[in-house]
Amino acid sequence: MDLSRGRTRPAVLVGAALVALTACSGTVTPQDLVTRLADAPTPDDALVDTMTPDEMDPGSARRLGELDGVTFYAGSGSRDGQDVVCLVSVVEGDIPQDDAGAATCGLVTDLDDSDLPLSLLAPDGTRVTAVLVPDGLPTDTDLTRVTPNLAATVSRTP
């Protein structure tokens, strides 16, 4: 009886299973977390240079939406060779020089199971609390879900 073929099959099956697992557990990209980042840019996606964080590639900016006069953008870039995802909020002033904003960036590896928070208190009294939510994750019920990847609240004090 020839046993050599019987021993080869389990080894081949184990090898195939390892290849399949490796393919499924590939590197997570910013576009995997925030699908809007995979969309082609539009004129509405342009973000003023002064509002773009250093870690973010300006060409990656995508407008996520607006809530009560505050505009939100997501973008991607790198920090020390690792991919980051960024959230930017912009409160428009009466003139462009009066615009206020805040930005935060987080490593992609830290965001595959959590959100990216941002807070801003603008000079005009606008208070912004926002989170960039990776695809498929729930968010704080105290926040308004603006888009699938953005939840926020905006309040103003005179």
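Everything here concerns the structure above.
Predicted model only: the values in this text are computed from it and were never measured. (Residues numbered from 1 in each chain as written. Predicted model: local features only at pLDDT ≥ 70, side-chain atom pairs only at ≥ 80, totals over all residues. Heavy atoms only, no water.)

Caption draft 1: Expanded view of the overall build of the protein. Looking only at helices and strands, one finds three helices and eight strands in the protein. Across the protein, helices and strands are ordered from the amino to the carboxyl terminus as α-α-β-β-β-β-α-β-β-β-β. Within the protein, the fraction of its 158 residues that count as buried is 37%. Of the contacts formed within the protein by residues at least 6 apart in sequence, a portion of 43% connects residues at least 24 apart. Looking at the protein as shown, the accessible area adds up to about 9400 Å², and 54% of this sits on carbon and sulfur atoms. (Helix = DSSP H or I, 4+ residues; strand = E, 2+ residues; numbered from the N terminus. Buried < 20%, exposed > 50% of the residue type's maximum accessible area, 1.4 Å probe, protein only. Contact = heavy atoms within 4.5 Å. Areas by Shrake-Rupley, 256 points an atom, 1.4 Å probe, with all protein chains shown as cover.)

Caption draft 2: Here's a closer look at the state of the cysteines. A full pass over the atoms with the stated rule returns one disulfide. In this model C86 forms its disulfide with C105; the gap between the sulfur atoms is 2.1 Å. Judged by the torsion about the S-S bond (105°), the C86/C105 disulfide is right-handed. Taken together, the residues C86 in strand β3 (residues 82-91) and C105 in strand β4 (residues 100-107) connect sequence positions 19 residues apart. Pair check on accessibility: C86 and C105 agree, each one buried. (Disulfide = S-S within 2.5 Å.)

Caption draft 3: Broad picture of the sheet that holds β4. With antiparallel pairing, the four strands of this open sheet are ordered in space as β1-β2-β3-β4. For this open sheet the edge positions go to β1 (62-67) and β4, each flanked by a neighbour on one side alone. On average, adjacent strands in this sheet sit at an angle of 25° to one another, irrespective of strand direction. Pairing of strand β2 (residues 70-79) with β3 involves ten bridges; the strand directions are antiparallel. Bridge pairing in β3 links Y73 to V88. (Pairing = 2+ DSSP bridges. Axes fitted to C-alpha atoms, helices over the stretch in contact; angles between N-to-C directions.)

Caption draft 4: The arrangement of the sheet that holds strand β8 (residues 150-156) in detail. Sheet architecture is open: four strands sit in the order β5-β6-β8-β7, paired in antiparallel fashion. Looking at the sheet topology across the chains shown, the edges are occupied by β5 (116-121) and β7 (144-147). Recorded for the sheet is a direction-independent mean angle of 25° between the axes of neighbouring strands. In terms of strand pairing, β5 meets strand β6 (residues 126-132) through six bridges, oriented antiparallel. In the sheet register, L116 faces β6, and the bridge partner there is L132.

Caption draft 5: Just the environment of T147, in detail. Structurally, the position occupied by T147 is in strand β7. Counting along the chain gives 14 residues from T147 to V133, while the straight-line C-alpha distance between them is 9.2 Å.

Geometric descriptors of this kind do not, in isolation, establish any biological role.
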